[in-house]
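# Overview (structure and organization)
Residue-level listing of the chains:
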Amino acid sequence: MPMPHFLAELRKHIGHAPVLLPGVSAVVRDDAGRILCLLRSDTHEWSLPSGIGEPGEEPAQTITRELLEEAGLVVRPERVLGVYGGTHVEYPNGDVADYVSIMFACRVLSGTPEPRDGEALDVRFFPPDALPPMRVLERLGLDLGRLDDEATVFRWSDDWLAAPDDG
């Protein structure tokens, strides 16, 4: 996937050092309740539509832009499904990034799903009980079939309440 200009400029100064990036993803359902997935051109793995925000861009605006660019769909984000972080990624070129991502439920307003900008090789809807394997869902332990019936989801561990070790 092409690196946004602002990030390429930042990398000139920090090299491959870890950087915290704002991310977005979307659960887009069709009228039959199927979920939109993209086959990524960089990893050849299936994923939800996703991307990183540009400076000055609202998260809902980011996911709207990403879906139009990647899949040819005009969508309206309707609610936040979850907020996730701690996603540490090391890229083949040596760059390191950690993501904090907001997952939106989005409704299609217009368009036909198709790969548009080279970031996706395939774009299609899958039944919730027959989704292709997606590492992000496995890592987060998410069941997309149940997300719309639950409150906003985030990861939590009571271990985070423990006092830091003074030793």
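In case you missed it, the structure is sitting above this.
Residues numbered from 1 in each chain as written. Predicted model: local features only at pLDDT ≥ 70, side-chain atom pairs only at ≥ 80, totals over all residues. Heavy atoms only, no water.

### Considering the overall build of the protein
When helices and strands are counted, the protein shows 4 helices and 8 strands. Put simply, the protein runs from its N terminus to its C terminus through helices and strands in the order α-β-β-β-β-α-β-β-β-α-α-β. In summary, the protein has a C-alpha radius of gyration of 17 Å against a globular reference of 15 Å for 167 residues, a match within 12%. Seen through its C-alpha atoms, the protein measures out along the principal axes to roughly 55 × 40 × 30 Å. Considering only contacts in the protein between residues 6 or more positions apart, those separated by 24 or more positions represent 69%. Here the protein displays about 9600 Å² of accessible surface, and carbon together with sulfur accounts for 54% of that area. Placing the 15 positive and 29 negative side-chain charges of the protein at their respective mean positions leaves the two points 4 Å apart. (Helix = DSSP H or I, 4+ residues; strand = E, 2+ residues; numbered from the N terminus. Rg over C-alpha atoms; globule rule 2.2 N^0.38 Å. Contact = heavy atoms within 4.5 Å. Areas by Shrake-Rupley, 256 points an atom, 1.4 Å probe, with all protein chains shown as cover. Lys, Arg positive; Asp, Glu negative; His and termini not counted. Charge placed at Lys NZ, Arg CZ, Asp CG, Glu CD.)

### A word on the pattern of salt bridges
Under the defined criterion, the tally for this structure stands at 10 salt bridges. With its nearest N and O atoms 2.9 Å apart, the salt bridge here joins Lys12 to Glu9. Residue Lys12 and its partner Glu9 are both found in helix H1 (residues 5-14); the two are separated by 3 residues, about one turn of the helix. Since its relative accessible area comes to 62%, Lys12 is described here as exposed. Among the residues examined, Glu9 registers a relative accessible area of 30% and is labelled partly exposed. Of the charged contacts in the structure, one is a salt bridge between Arg65 and Glu57, with a shortest N-O distance of 2.8 Å. Residue classification places Glu57 among the buried positions, given a relative accessible area of 17%. In this structure, a network of salt bridges that share partners links the residues Glu57, Arg65, Glu66 and Glu69. (Salt bridge = Lys/Arg side-chain N within 4 Å of Asp/Glu carboxyl O. Buried < 20%, exposed > 50% of the residue type's maximum accessible area, 1.4 Å probe, protein only.)

### Considering the state of the cysteines
Here a disulfide denotes one covalent bond, and it connects the sulfur atoms of two cysteines. Taken as a whole, this structure holds 0 disulfides when the rule is applied. Cysteine Cys37 shares no disulfide, and the gap to the nearest cysteine sulfur, in Cys106, comes to 14 Å. Cys37 sits in the buried class, given a relative accessible area of 0%. Cys106 gets classed as buried once you look at its relative accessible area, which sits at 6%. (Disulfide = S-S within 2.5 Å.)

### Topic: a nonpolar patch on the surface
Together, Leu20, Val83, Val100, Phe154, Trp156, Trp160 and Leu161 line one region of the surface with nonpolar side chains, adding up to about 800 Å² of accessible area. One can find Phe154 in strand S8 (residues 153-154). Its relative accessible area of 55% is what places Phe154 among the exposed residues. (Patch = residues over 30% accessible without salt bridge, like charges linked within 9 Å, V, L, I, M, F, W, Y side chains within 5 Å.)

### Concerning unusual backbone geometry
With the exception of glycine, most residues fall at negative phi, and the peptide bonds are largely trans. At His44, a residue that is not glycine, the phi angle is positive and equals roughly 60 degrees. Of note, His44 is situated in the loop between strand S2 (35-40) and strand S3 (46-47). Relative accessible area serves as the criterion here: at 55%, His44 is assigned to the exposed category.

No statement about biological role is implied by the geometric values presented.
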